[in-house]
Amino acid sequence: MLVLSRKLNESIIIDDQIKITVVEIRGDKIRLGIEAPKNVSVHRREVYEAIQRQILVDGGTVLNNPSDLDAQPS
């Protein structure tokens, strides 16, 4: 794992197409701004894990877009 230090309004670039910027620091929390192409999914870890669990429940159906979760029958 690469560990980097950044200050407020500083950024890192990933693969020439994803920019992550520290937009706010409040106590022990930071807010990150993420700029990425539309074809790159960006999720908080807990959301990503919930999506993966739902894929398993649905029989391995891969969703290309997180908004597809709303269209899935319950």
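Computed from a predicted model, the values in this text were never measured in an experiment.

### Observations regarding the sheet that holds strand S2 (residues 18-26)
One open sheet accounts for three strands, arranged S1-S2-S3; its pairing is antiparallel. Two strands close off the open sheet at either side, each with one partner strand: strand S1 (11-14) and strand S3 (29-35). This sheet shows a mean twist of 25° between the axes of neighbouring strands, independent of strand direction. Bridge count between S1 and S2: four bridges; the pairing is antiparallel. Bridge assignment links Ser11 to a residue of S2, and that residue is Thr21.

### Topic: the pattern of salt bridges
As enumerated under the stated definition, the model contains five salt bridges in all. A salt bridge links Arg31 to Glu24, with the shortest nitrogen-to-oxygen separation between them at 3.3 Å. You can call Arg31 exposed: its relative accessible area is 52%. For Arg44, the salt bridge is made with Glu46, and the minimal N-O distance between the two is 2.9 Å. A relative accessible area of 46% places Glu46 in the partly exposed class. Members of the salt-bridge network, linked through shared partners, are Glu24, Arg26 and Arg31.

### Points about the pairing of S3
Taking burial as the measure, the seven residues of S3 include zero buried ones, a minor fraction of the element. Inspection of the sheet shows S2 paired to S3 by seven bridges, in the antiparallel sense. Bridging across to S3, Glu24 finds its partner in Arg31. Two successive antiparallel strands, S2 and S3, enclose a turn made up of two residues, where Gly27 displays a positive phi of approximately 65°.

Each value, and the rule that gives it
- Residues numbered from 1 in each chain as written.
- Predicted model: local features only at pLDDT ≥ 70, side-chain atom pairs only at ≥ 80, totals over all residues.
- Heavy atoms only, no water.
- Pairing = 2+ DSSP bridges.
- Helix = DSSP H or I, 4+ residues; strand = E, 2+ residues; numbered from the N terminus.
- Axes fitted to C-alpha atoms, helices over the stretch in contact; angles between N-to-C directions.
- Salt bridge = Lys/Arg side-chain N within 4 Å of Asp/Glu carboxyl O.
- Buried < 20%, exposed > 50% of the residue type's maximum accessible area, 1.4 Å probe, protein only.

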